[in-house]
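# Architecture at a glance
What follows is each chain in one-letter form.
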Amino acid sequence: MKPRRYHGLKRPKLRQSWNKYNLYNLFRALRPQFHLRNDTTFFQQKWKAKGLLRDYHGEHVVERKWVRMFSRRLLSVANMDTRYMAKHDGSELAAGRGSGQDRPPNWSVEATPQRAMTPYMLMTFAPMERRLDIAVFRAMFASSTRQARQFCVHGAVKVNGKVMPYPAYRLNPGDMFQVDPDRVLYATGAPKKVGKSGSSKKSSSGDREEDDAEAALEEGEAAAEEPSEAAEAAAEEQDPETTDAADPAKADMKPTRKQIQELAARAKSILADNETLGVGQKRKLRQFVKDARPLLSRTGLPGATPGEIADELATMVAGLNLSESSSSTEEASSSSSSPPASSSSAASSYDELTSDLSESERKKLERRMAEYLREEEENPWDPSKPYLTPWRPRPYMSPFAFIPKYLEVNHNVCAAVYLRHPVARLGSAEVPTPFPVAINQLAFNWYLRRR
């Protein structure tokens, strides 16, 4: 179960998460000094070090499972210069020894340069990196290990082409895992803004107007459904033997009703997502949502025709005059068979706007417009997605944007290959950890003692 204070600020615990509070805790985290004090025993030092590291490395994994997963084998490799090895065969290292041809050490140097060490102890939690959920997090397909675990349990992760619902699955070298692209876009993209209905207090009159418009639209939808159901019931109760003439066929108003609902939803989404709208534009949009209620109710009346409703809807959309809602205006005009703007008038307006530009500036503007249209086609606006569209990375993501060397990731298809187990090299280790070597050494000794 997730702790209540997962990202606490008073008693901070470092986590495998992109959360902004976790970033703040990482920024202000100090190097632990309890292993340098004389008032703590060796057992206490190992216990504290184990607690610090377990809060970061797989805190969602039960301790007994990690103890079974722990291995005292620390993998490492030696750095080999391929150019040097191709040029020499190793005999030059032994040339001149004992014959006075070797170089004597320079004893006049006061400080001997410190040699780079291989941080073996940073590999303590290397077996944890084989878990599927942690590998998904390391590949930047999820914003935290808990979210990666959720993706696995919900069947959004495949290993070698098969759905793997077990987040504890240990990857082998050569395994390829893939995550549903929509889940990755949701995890790494900017979140949608919380709607006004989620807050308990209404801060402004604009919020109240939006709530009134939404309530009116819902009432209009219910009113549109009720007359149609009553008419169907009356038609079922009517006796065909007493009817002199057949009733005229009722027009299908479902497409028109759906169009009104879509335009109202689009207007509400523009109000929620767009921050550049003026006060007058917002007031027009709220009034449009409110006026859609009687229009939606009329679609359920027996004498309603799609042409009349469409004409009134086109008149309402034309009265908005919003640049942000141009796409909705085009949809309404096309559906209501209103005459589109002629190409000649569009060309003349374009010439008037670019009359003061030189030929090079006009070509640059055309290239920029083509690039913008291509970007809009590749990254469109889609209110049905659970993340903010057009897609952009979530805030505070850049400090965590790194991929370990033992993974080969392709973000275009949201797939990665587990190349090999992480290893330690001269001066660095491939297991990401925010704690120094001494703390990892104490934790390694703790689990080494308990094996």
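To be clear, the structure that these remarks concern was listed above.
Below is a summary of the structure that appears in this document. Bear in mind that the values here come from a model prediction, so they are computed numbers and not experimental data.

### Quick word on the overall build of the protein
For the protein, the count of helices and strands is 15 helices and 7 strands. Across the protein, contacts joining residues at least 24 apart in sequence account for 71% of those joining residues at least 6 apart.

### Quick word on a nonpolar patch on the surface
A cluster of nonpolar side chains, namely Leu9, Tyr21, Tyr24 and Phe27, defines an oily patch on the protein surface of about 460 Å² accessible area. Among the secondary structure elements, Phe27 is positioned in helix 1 (residues 20-28). Judged by relative accessible area, which is 71%, Phe27 ranks as exposed.

### A short note on the environment of Ile439
Within the fold, Ile439 resides in helix 15 (residues 437-449). For the pair Ile439 and Gln33, spaced 406 residues apart in sequence, the C-alpha separation works out to 9.3 Å. Setting aside residues up to four positions removed in sequence, Ile439 forms contacts with Pro32, Phe34, His35, Ala49 and Leu53.

### Thoughts on unusual backbone geometry
At the junction of Thr389 and Pro390, the peptide bond is cis and its omega measures out at -5° in the coordinates. Following the sequence through the fold, Pro390 ends up in the loop between helix 14 (359-378) and strand 4 (407-410). Within the chain, Met140 stands out as a residue other than glycine whose phi angle is a positive 65°. Tracing the backbone through its elements, the reader meets Met140 in the loop between helix 5 (132-138) and helix 6 (145-153). Looking at Met140, the relative accessible area reads 10%, which means it is buried.

### Side note on the environment of Arg394
Here Arg394 lies in the loop between helix 14 and strand 4. Classification of Arg394 as partly exposed rests on a relative accessible area of 23%. The spatial distance from the C-alpha of Arg394 to the C-alpha of Gly189 is 4.7 Å, given a sequence separation of 205 residues. In this view, Arg394 contacts Trp18, Ser143, Ala187, Thr188, Gly189 and Ala190; residues no more than four positions away in its chain are not counted. A distance of 3.2 Å separates a polar atom in the side chain of Arg394 from the backbone oxygen of Ala187.

### Remarks on the packing of aromatic side chains
Applying the stated criterion across every chain, the model contains 11 aromatic pairs. Considering the side-chain rings of Trp66 and Phe125, the 4.8 Å spacing of their centres and the 15° angle between planes classify their relative orientation as stacked. Linking Trp66 in helix 3 (residues 63-69) with Phe125 in the loop between helix 4 (82-87) and helix 5, this pair joins segments that are 59 residues apart in sequence. By the burial criterion, Trp66 is buried, and Phe125 matches it.

### A word on the pattern of salt bridges
One pass over the structure, following the stated rule, counts 8 salt bridges. For Arg420, the salt bridge is made with Glu430, and the minimal N-O distance between the two is 2.8 Å. On the criterion of sequence distance, the pair formed by Arg420 in the loop between strand 5 (415-418) and strand 6 (424-425) and Glu430 in the loop between strand 7 (428-429) and helix 15 is long-range, its members being 10 residues apart. What makes Glu430 buried here is its relative accessible area of 8%. In the salt-bridge network here, residues are joined through shared partners; they are Arg15, Glu59 and Arg146.

### Section: helix 15
Spanning 13 residues, helix 15 covers 18 Å between terminal C-alpha atoms, matching the ideal 18 Å at 1.5 Å per step. Among all positions of helix 15, only Ile439, Asn440, Leu442, Ala443, Phe444, Trp446 and Tyr447 are buried. In the core, the buried residues of helix 15 are packed alongside helix 2 (42-56) and helix 3.

### Looking at the pairing of strand 5
Across 3 bridges, the pairing between strand 3 (residues 176-179) and strand 5 is antiparallel. Directly across from Gln178, in strand 5, lies its bridge partner Ala415. Once strand 4 ends, the chain turns through 4 residues before running back antiparallel as strand 5, passing Cys414 with a positive phi of about 55°.

Cut-off values and rules
Every residue gets a number counted from 1 within its own chain, in the order that chain's sequence is written. With pLDDT at 70 or above as the cut-off, local features in this predicted model cover only qualifying residues; side-chain atom pairs require 80 or more to be listed or tallied, and sums for whole chains, interfaces and linings still use all residues. Hydrogens and waters are ignored; side-chain quantities use all the structure's heavy atoms. Going along the chain from the N terminus, every DSSP run of H or I of four or more residues is numbered as a helix, and every run of E of two or more is numbered as a strand. Throughout, a residue-residue contact means that at least one pair of heavy atoms, one from each residue, lies within 4.5 Å. Note on patches: the residues involved have over 30% relative accessible area and no salt bridge, like charges join within 9 Å, and the nonpolar side chains Val, Leu, Ile, Met, Phe, Trp and Tyr join within 5 Å. All accessible-area figures derive from a Shrake-Rupley calculation using a 1.4 Å probe, and residue coverage is judged against the displayed protein chains alone. Put simply, a salt bridge is a Lys or Arg side-chain nitrogen that is within 4 Å of an Asp or Glu carboxyl oxygen. To sort residues, take the accessible area from a 1.4 Å probe on protein chains only and compare it with the maximum for the residue type: under 20% means buried, over 50% means exposed, and anything in between is partly exposed. Distance and chemistry together define a polar contact, namely a pair of N or O atoms within 3.5 Å, with one atom able to donate a hydrogen and the other to accept it when in protein, and with adjacent residues in sequence counting only for side-chain atoms on both sides. We call Phe, Tyr and Trp rings a pair once their centres come within 6.5 Å, taking the six-membered ring for Trp, and we label the pair stacked below 30 degrees between planes, edge-to-face above 60, and tilted otherwise. Multiply 1.5 Å by the residue count of a helix minus one, and that product is the helix's expected span. We treat two strands as partners when DSSP finds at least two bridges between them.

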